[in-house]
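# Fold and geometry: a report
Given next are the chains, with one letter for each unit.
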Number of protein chains: 2
Amino acid sequence: MAPEPKSPGLQTNMDVEYVIVYRFAKVEKQKATEEFSSLVEALGNVGLATEVRNGESHSLLIFVKVASEEHLFGEVYRSRVRDWLYGVRAAAPPKETRGALESEPMYEAERLRIIFQLITNSEAEGGAGITLKEGKWKNVESIFALHDHAHNKEWINQWARKWFLSPEDLDDIRNRLGEKIAYYFAFTQAYFMFLLAPAAFGFASYFLLGHYSSTYAIVNSLLCTVFTEWWKHQEVDLAVRWGVRNVSQIASRNREFKQEKVVTDPVTGEQVAFFPATKRLQRQFLQVPFAILCATVLGTLIATCFGIEIFISEVYNGPLKSVLVFLPTGILTTCMPILSTVLTNFATQLNHFENYETQAAYDTAFTQKIFVINFITSYLPILLTAFVYVPFGTLLVPYLDIFSVTVKPFAKHQKEMELPAAGFEINPMRLRKQVIYFTVTAQIVNLGMEVIVPYLKRKGFAKFKKMQSERAAKNGGAVPDAGANDLPDEHAFLTRVRQESELDVYDVTTDLREMVLQFGYLSLFSVVWPLTACSFLANNWLELRADALKITIEMQRPTPWRADTIGPWLDSLAFLTWLGSITTSALVFLFSNDGLGPDGTPYAIKGWALLATIMFSEHLFLLVRWGVSIAISKVDSPGRQKERRERYLVRKQYFDESLSELEKIPSLKDAATDENITRRSLEDEARDATLGNSRVEDKFWARQRNWRETAKVGAGLIERSAPTDVKERESKKEL
Amino acid sequence: MAPEPKSPGLQTNMDVEYVIVYRFAKVEKQKATEEFSSLVEALGNVGLATEVRNGESHSLLIFVKVASEEHLFGEVYRSRVRDWLYGVRAAAPPKETRGALESEPMYEAERLRIIFQLITNSEAEGGAGITLKEGKWKNVESIFALHDHAHNKEWINQWARKWFLSPEDLDDIRNRLGEKIAYYFAFTQAYFMFLLAPAAFGFASYFLLGHYSSTYAIVNSLLCTVFTEWWKHQEVDLAVRWGVRNVSQIASRNREFKQEKVVTDPVTGEQVAFFPATKRLQRQFLQVPFAILCATVLGTLIATCFGIEIFISEVYNGPLKSVLVFLPTGILTTCMPILSTVLTNFATQLNHFENYETQAAYDTAFTQKIFVINFITSYLPILLTAFVYVPFGTLLVPYLDIFSVTVKPFAKHQKEMELPAAGFEINPMRLRKQVIYFTVTAQIVNLGMEVIVPYLKRKGFAKFKKMQSERAAKNGGAVPDAGANDLPDEHAFLTRVRQESELDVYDVTTDLREMVLQFGYLSLFSVVWPLTACSFLANNWLELRADALKITIEMQRPTPWRADTIGPWLDSLAFLTWLGSITTSALVFLFSNDGLGPDGTPYAIKGWALLATIMFSEHLFLLVRWGVSIAISKVDSPGRQKERRERYLVRKQYFDESLSELEKIPSLKDAATDENITRRSLEDEARDATLGNSRVEDKFWARQRNWRETAKVGAGLIERSAPTDVKERESKKEL
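Just so it is clear, the structure is predicted and the values come from calculations on it, not from any experiment.

### Things to note about the overall build of chain A
Summing up its helical and strand segments, chain A has 25 helices and 6 strands in all. Within chain A, buried positions represent 35% of all 735 residues. In chain A, of all internal contacts separated by at least 6 residues, the share reaching a separation of at least 24 is 76%.

### Regarding the relation of the copies chain B and chain A
For the pair chain B and chain A, the relating rotation is 180 degrees, the translation along its axis is 0.0 Å, and the fit reaches an RMSD of 0.2 Å. Interpreted geometrically, this transformation is the action of a two-fold axis. In terms of proximity to the rotation axis, the leading residue of chain B is Trp608(B), whose C-alpha is 1.8 Å off the axis.

### Observations regarding helix 18 (residues 569-591) of chain B
For helix 18 of chain B, built from 23 residues, the straight-helix expectation of 33 Å at 1.5 Å per residue is met to within 8% by its first-to-last C-alpha distance of 31 Å. At Gly580(B), helix 18 of chain B shows its strongest bend, of approximately 25 degrees.

### Points about the interface of chain B and chain A
Between chain B and chain A, the contact holds 96 residues from the first and 96 residues from the second. Ranked by the residues each element gives to the side of chain B that touches chain A, the list is headed by helix 20 (residues 638-663) of chain B, at 11 residues. Considered class by class, the residues forming the side of chain B that touches chain A number 48 nonpolar, 23 polar and 25 charged.

### Description of the sheet that holds strand 1 (residues 18-23) of chain A
Each strand in a sheet pairs with another by means of backbone hydrogen bonds, the pair being arranged parallel or else antiparallel. Residues and elements named next belong to chain A. The sheet built from 4 strands is open, its strands ordered 2-3-1-4 with antiparallel pairing. Each of the sheet's edge strands pairs with one partner strand only, and the pair in question is strand 2 (48-54) and strand 4 (140-144). Averaged over all neighbouring strand pairs, the angle between strand axes comes to 20 degrees, with direction disregarded. Note that strand 1 and strand 3 (residues 59-66) share 6 bridges and pair antiparallel. The partner of Ile-20 across the bridge, within strand 3, is Ile-62. Contacts from helix 4 (residues 108-120) reach strand 1, strand 2, strand 3 and strand 4, with the element oriented near 30 degrees to strand 1.

### Focus on unusual backbone geometry
A positive phi angle is found at Lys133(A), which is not glycine, with a value near 55 degrees. Within the secondary structure, Lys133(A) is located in the loop between helix 4 and strand 4.

### Some thoughts on the sheet that holds strand 3 (residues 59-66) of chain B
Residues and elements named next belong to chain B. The strand order across the open sheet built from 4 strands is 2-3-1-4, with neighbouring strands paired in antiparallel fashion. At either margin of the open sheet sits one strand with a lone partner, and together these are strand 2 (48-54) and strand 4 (140-144). Looking at each pair of strands side by side, their axes are set apart by 20 degrees on average, direction ignored. Where strand 1 (residues 18-23) and strand 4 come together, 4 bridges link them in antiparallel fashion. Bridging across to strand 4, Ile-20 finds its partner in Ile-143. Strand contacts of helix 4 (residues 108-120): strand 1, strand 2, strand 3 and strand 4, with the helix running at about 30 degrees to strand 1, the strand carrying the most contacts.

### Examining the pairing of strand 5 (residues 261-264) of chain A
Residue and element names in this part refer to chain A. By the bridge criterion, 4 bridges tie strand 5 to strand 6 (residues 271-274) in an arrangement that is antiparallel. Its bridge partner lying in strand 6, Val-262 is registered against Ala-273. In this structure, the hairpin formed by strand 5 and strand 6 is closed by a connection of 6 residues, where Gly-269 is found at a positive phi of approximately 75 degrees.

### Quick notes on the confidence of the model for chain A
Residue and element names in this part refer to chain A. The predicted model of chain A has a mean per-residue pLDDT of 83, with 87% of residues at 70 or higher. Low pLDDT, under 50, characterises residues 1-5; the stretch is placed with 11 contacts to residues that sit more than four places away or in other chains. Confidence over residues 670-686 falls short of pLDDT 50; this stretch has 20 contacts with residues more than four positions distant or in other chains. The ipTM value of the predicted complex is 0.82, and its pTM value is 0.86.

### Quick look at the packing of helix 13 (residues 359-396) of chain B against helix 16 (residues 508-525) of chain B
Residues and elements named next belong to chain B. At a closest axis distance of 11 Å, the pairing of helix 13 and helix 16 adopts a crossing angle of 40 degrees. With respect to helix 16, the element helix 13 is oriented oblique. By crossing handedness, the relation of helix 13 to helix 16 is classed as right-handed. Within the contact between the two elements, helix 13 uses Thr-367, Ile-370, Asn-374, Ser-378, Tyr-379 and Ile-382 and helix 16 uses Thr-509, Arg-513, Leu-517, Gly-520, Leu-524 and Phe-525.

### Regarding the environment of Met193(B)
With respect to the helices, strands and loops of the structure, Met193(B) is situated in helix 7 (residues 179-208). A C-alpha to C-alpha distance of 16 Å links Met193(B) and Leu222(B), two positions 29 residues apart in sequence.

### Notes on the environment of Met615(B)
With respect to the element layout, Met615(B) can be found in helix 19 (residues 607-634). According to the C-beta neighbour criterion, Met615(B) is partly exposed, with 18 such atoms within 10 Å. Placed 590 residues apart in sequence, Met615(B) and Ala25(B) show a C-alpha to C-alpha distance of 63 Å. The residues contacting Met615(B), other than those within four sequence positions of it, are Leu611(A) and Met615(A).

### Section: the packing of helix 10 (residues 287-315) of chain B against helix 12 (residues 327-354) of chain B
All names here are of chain B. It is the contact of helix 10 with helix 12, at a shortest axis distance of 10 Å, that shows an interaxial angle of 180 degrees. Considering the angle they form, helix 10 stands roughly antiparallel to helix 12. Side by side, helix 10 and helix 12 meet where Phe-290, Cys-294, Val-297, Leu-298, Leu-301, Cys-305, Ile-308, Glu-309 and Ile-312 of the first sit next to Leu-327, Pro-328, Ile-331, Leu-332, Cys-335, Met-336, Leu-339, Leu-343 and Leu-350 of the second.

### Digging into the environment of Glu141(A)
All names here are of chain A. One can find Glu-141 in strand 4. Sequence separation between Glu-141 and Phe-366 is 225 residues, and the spatial gap between their C-alpha atoms is 24 Å. Not counting the four nearest positions on each side in its chain, Glu-141 is found in contact with Val-21, Tyr-22, Arg-23, Ser-59 and Lys-133.

### Here we look at helix 15 (residues 488-501) of chain A
Residues and elements named next belong to chain A. Compared with an ideal rise of 1.5 Å per residue, which puts 14 residues at 20 Å, helix 15 spans 20 Å between its outermost C-alpha atoms and is within 8% of the ideal. Burial in helix 15 covers these residues: Phe-493, Leu-494, Val-497, Arg-498 and Ser-501. If you follow the buried residues of helix 15, they end up packed against strand 1, strand 2, strand 3 and strand 4.

### Here's the deal with the pairing of strand 3 of chain A
Residues and elements named next belong to chain A. Counting buried positions along strand 3 yields 7 of 8 residues, so the element is predominantly enclosed. By the bridge criterion, 7 bridges tie strand 2 to strand 3 in an arrangement that is antiparallel. From the neighbouring strand, Asn-54 faces strand 3, where its bridge partner is Leu-60.

Criteria and cut-off values
- Residues numbered from 1 in each chain as written.
- Chains lettered and ligands numbered in written order.
- Predicted model: local features only at pLDDT ≥ 70, side-chain atom pairs only at ≥ 80, totals over all residues.
- Helix = DSSP H or I, 4+ residues; strand = E, 2+ residues; numbered from the N terminus.
- Buried ≥ 20, exposed ≤ 12 C-beta atoms within 10 Å, placed from the backbone.
- Contact = placed C-beta atoms within 7 Å.
- Least-squares fit on C-alpha atoms with pLDDT ≥ 70 in both.
- Expected span 1.5 Å × (residues − 1).
- Bend = angle between axes of the 7 residues up to and from the residue.
- Nonpolar A, V, L, I, M, F, W, Y, C, P; charged D, E, K, R; others polar.
- Pairing = 2+ DSSP bridges.
- Axes fitted to C-alpha atoms, helices over the stretch in contact; angles between N-to-C directions.
- pLDDT = per-residue confidence, 0-100.
- Parallel < 35°, antiparallel > 145°, perpendicular 65-115°, else oblique.
- Left-handed = near helix turned anticlockwise from the far one by under 90°.

Encoded structure:
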């Protein structure tokens with residue numbers, strides 16, 4: 001049993017399904033009253049009971065629950081029938097509604113999803129049509145369900161105490177937070193389990209094989225390939241386990257879709273909004289300049305900071321060097337988030353301009369754009385070091401004096417900013433240091449940012465608010481406390497709801513992106529530092545728990561959505577694995593002797609040998625991936641068996657039903673036997689005569705009435721023309 | 001209307017569906033009689049009417065038709081219900097059998113397929129269990145349907161007169177010969193239409209751009225990619241048009257499958273034969289040594305002949321040179337078919353050893369093996385010339401003197417077998433000549449072999465037989481003529497059936513393979529000689545008609561099978577397109593100046609530049625292919641629309657049916673309204689008192705009875721805490 005939460009406000013959710021926050025801070029009183037009235041009317045009209053309470057700073061909290069369970073059942077049943085028609089479930093739910101729900105009870109996420117759809121679906125679809133922060137309802141600030149604090153506490157406590165998550169743990173997430181979030185946890189858990197292998201091998205390889213080992217490179221690539229293919233397989237299994245297979249085919253419309261004209265759908269005959277695909281394709285071609293823009297803008301920033309850093313650390317030799325060395329990092333940490341935000345906004349607008357019809361298509365296209373930005377910010381620094389700085393460093397460094405401008409104010413002599421007479425030497429440790437930075441330091445910083453910073457922010461914000469109101473109270477102009485008029489038995493509860501209403505909304509794709517980008521470091525660069533996977537292993541154990549904590553404490557309870565895949569991130573995963581086969585082989589080739597050729601200089605590298613290595617490695621990878629994917633596709637799994645069993649039973653039932661009609665007709669087998677009754681002599685010539693006037697075909701078929709006659713005639717023919725030598729042979733045998 | 005065929009035997013098929021040839025040449029008379037009797041009994045038991053007649057040289061012809069149409073309808077209905085359950089058709093056929101067949105009449109191929117299955121399916125599946133040339137029925141030599149000669153004649157006449165085949169022509173093939181053969185014709189027709197583009201561009205490019213033009217290479221690669229992806233799209237469309245989508249999921253068992261043990265199927269609970277997939281995987285690994293064996297054996301032969309040819313044509317300078325030059329061709333044409341046959345037999349055994357459960361899996365695996373053999377025999381000679389002879393010729397030729405042994409008997413002086421003092425020069429025309437040979441000469445020879453040789457063989461064989469029987473008649477030991485005892489009204493018909501019984505069985509994969517291999521020349525090497533596509537265009541116009549002729553004249557009428565794809569050849573097509581992106585770029589790079597570098601020698605080629613070109617080209621290809629496949633997937637087609645419309649109608653119907661139950665329950669919308677009836681005062685504190693003992697949750701929800709009360713309470717809250725500044729702003733606006 002879950003322990004009782006300490007705070008009285010956490011003890012009950014008051015049967016509330018959703019809380020809707022209506023903020024009237026910027027609306028005239030009269031208009032706010034009207035809007036609010038039509039809001040609750042719309043909710044009431046779809047059968048939702050409402051209660052209103054005072055909210056924080058000019059807002060109202062509308063509490064929503066279903067007026068009668070009986071009607072909710074109807075909605076659930078409707079949703080299940082739709083699932084069946086789209087192939088999400090094998091069999092139609094039993095026609096008797098209550099029976100259907102008793103044989104397969106609703107789970108929490110299903111219930112919350114259906115109520116959320118009831119609130120947000122358009123009126124044509126049978127919902128109340130409340131659109132968050134949009135159009136008519138632009139003052140509806142948020143719609144969120146209340147956390148189940150008792151359950152959350154138990155969840156966090158349990159996870160903190162176990163090493164590995166069981167499938168039941170994931171089922172639990174699915175039941176409460178929906179399949180989309182459960183897929184994130186399932187993926188991260190699968191990735192965590194997979195990491196055990198490269199971590200163990202990497203650990204051994206670090207001490208036994210050293211850096212840039214080709215053996216490690218091959219094993220790591222193979223493991224990454226197996227993981228990617230295995231996850232594709234696993235995804236299907238989970239979809240079956242959670243009953244959401246094919247759910248992505250039930251497309252929900254993109255609200256922002258703008259039709260060009262209305263056409264008659266050739267399929268359904270209905271009038272539908274239409275936007276020509278060719279026009280969209282033209283717009284999609286803008287992604288090419290967009291990608292180039294991202295690469296140029298971010299690439300220039302990264303390359304510049306990189307150049308400054310090399311100049312200061314390797315060339316500059318004047319005062320304040322130890323401080324100035326952090327200058328590029330400073331520039332990067334300041335400018336990068338700004339540029340990223342600008343580009344992300346740009347990507348959003350571009351995506352909007354591409355005008356997708358369904359939400360899924362919109363999300364996929366957006367994810368792809370985000371991946372481009374993230375790819376550049378995450379991997380370009382290392383790529384620059386590995387494939388520009390080390391091989392071409394000695395060629396490029398003389399040109400770095402353009403960066404002397406950054407240190408000019410500090411340098412005392414011109415000489416301090418010039419290359420040492422001994423000439424420049426590349427620093428082979430730089431690459432390793434960089435990889436370690438990205439795979440250890442950055443991960444820890446990231447984890448901290450995710451959990452600790454929001455916590456501090458929240459605490460600080462609360463304190464600030466308290467101080468503010470205290471000061472206001474001193475000055476006499478006290479802002480009335482939102483909870484001042486609460487009824488005593490509700491006060492604790494309402495205070496808690498007001499807190500939850502101010503939390504952020506959880507976006508699972510951010511977390512998923514983080515994992516996929518982390519996988520990229522493993523696939524692309526871990527050959528530089530084989531302990532990469534060990535670091536990730538530790539990090540992800542914490543990450544899983546930190547994310548659980550984040551969802552339960554830092555965020556509003558997320559609306560449970562369904563999904564049957566991690567979506568476009570799967571493509572990113574496959575792409576990173578592929579690219580890994582190229583970078584890894586190139587890194588091994590270039591650096592197996594710390595970037596130096598056999599004669600000690602990096603110039604000895606033969607271009608054709610490098611390219612041949614890459615080509616060989618890439619094609620070997622493609623071949624192996626093909627083999628692995630075939631081998632894995634043969635693997636059976638409980639989910640697949642379950643699916644096949646369900647399909648088999650449904651088929652069997654339908655087949656039996658459909659063919660019951662046929663049973664009444666005697667089958668072909670029986671028809672043959674009754675011909676024996678009136679058998680006449682064989683090859684009866686008289687029969688021919690009676691059929692004198694009939695068709696030649698009928699005569700042909702009338703000569704032998706049934707198989708017995710055919711057999712006799714055949715026996716006669718055999719007798720007449722059987723080869724004599726066989727008989728002789730046979731008789732000889734008998735002697 | 002079809003013209004009446006001249007020969008009286010061709011006028012009617014006597015309503016015969018199938019002819020079964022039972023040969024008792026090697027069986028003892030008694031046993032033959034028994035076997036024959038049980039054969040006709042088995043046929044009779046499944047409701048087939050039989051007639052027996054004398055066949056050629058110790059054989060019997062058993063004519064088979066369905067005893068009653070009524071029962072055939074039952075079988076057809078059963079088959080259609082199964083199709084529906086496997087998703088081949090969207091809706092279940094109407095329950096009333098006759099109605100079902102009237103609303104959608106049976107087509108000839110469907111009828112023949114169902115009767116063939118009735119004859120050959122095992123008894124457990126409701127068939128007669130006749131296995132061709134196998135087990136109990138090893139003396140059943142063939143089962144074939146009779147040609148519809150009137151229709152065939154019309155078919156050939158029509159096709160000879162038109163340039164392009166219409167979709168209706170393909171429908172006609174599908175209706176009579178089944179979908180599998182129709183797919184071959186549809187593919188060849190699509191390929192023919194596609195060839196118009198590269199032929200036109202190639203023709204222009206031949207005169208304007210010359211050989212090894214990079215423009216031609218890019219356009220040709222793009223066209224090939226578009227064709228491959230388009231065909232994938234087209235295939236689905238055809239499958240819908242012909243109602244065979246997903247038909248490949250109805251797996252038929254591989255008869256040769258040998259179980260390792262019997263296990264309980266976790267899905268159906270039935271006892272099923274089982275062979276572990278891991279064991280099969282182990283056996284499949286034998287394909288690697290097999291491929292190496294093929295490459296070694298065939299490669300050695302080809303390389304040897306190649307070496308001899310070069311030695312004789314480029315080095316040898318003695319007598320009989322003009323004759324000796326044909327020596328390698330002689331060796332090749334003698335040894336190649338022998339080796340191919342040996343390797344194909346080996347492949348068959350290997351495939352058998354791999355022990356596939358379904359016929360489809362068996363065929364796919366076999367096709368892959370055959371493709372390996374054909375790939376080597378078809379493309380290795382050109383690959384050797386392009387990538388070994390030209391770049392490394394001058395290095396290798398000195399070692400060719402080992403082949404002097406082949407001309408030793410003819411050479412007069414040692415000098416005649418030595419390199420000229422001036423040194424060896426590669427012959428840059430060799431590659432082009434070879435490509436022209438393979439794309440023109442070999443194609444014509446092949447067409448001739450396919451049509452004319454069998455015709456001559458058949459005529460010659462008939463003549464030989466006639467002479468033999470004449471000689472036998474002279475010597476008195478006359479073999480009795482099979483038709484001697486024929487009834488006069490049947491004689492012509494029976495003579496014709498005896499002729500058809502001796503024809504070969506048509507194998508569509510051979511023809512399909514030919515087309516795919518031809519496509520390979522276009523994709524891989526056409527940059528050498530841009531007229532390639534023109535030659536193929538002409539050839540394939542003839543090929544289509546020659547194949548029609550071959551099926552109607554040289555072959556027994558093929559059993560109509562269903563298919564929804566050209567199967568594994570599609571993968572071969574994709575592979576050849578991919579490989580084309582590599583060979584084409586390499587050829588352009590190497591030969592754009594006839595194989596000579598800027599300084600006139602082939603040594604100037606830079607390895608890294610070649611590899612970089614190939615890599616760039618290959619990755620560009622992969623990117624373009626991805627784009628093309630996405631673009632094509634967006635294209636709608638009549639077939640897809642039809643499918644969606646059917647699915648939509650079925651869904652709509654089911655949805656309406658399932659939800660009719662629900663209609664009786666008032667929807668959530670209605671439930672809300674009746675609460676208005678007994679409305680009481682707002683925020684009635686008395687209400688709290690009456691609920692004094694109830695749960696805190698119930699109290700919470702009892703405070704506002706319906707949305708009107710909520711609206712009023714909300715209005716009060718807004719009034720109390722609405723921000724004053726908004727009001728001021730609003731009033732300012734009013735002023």
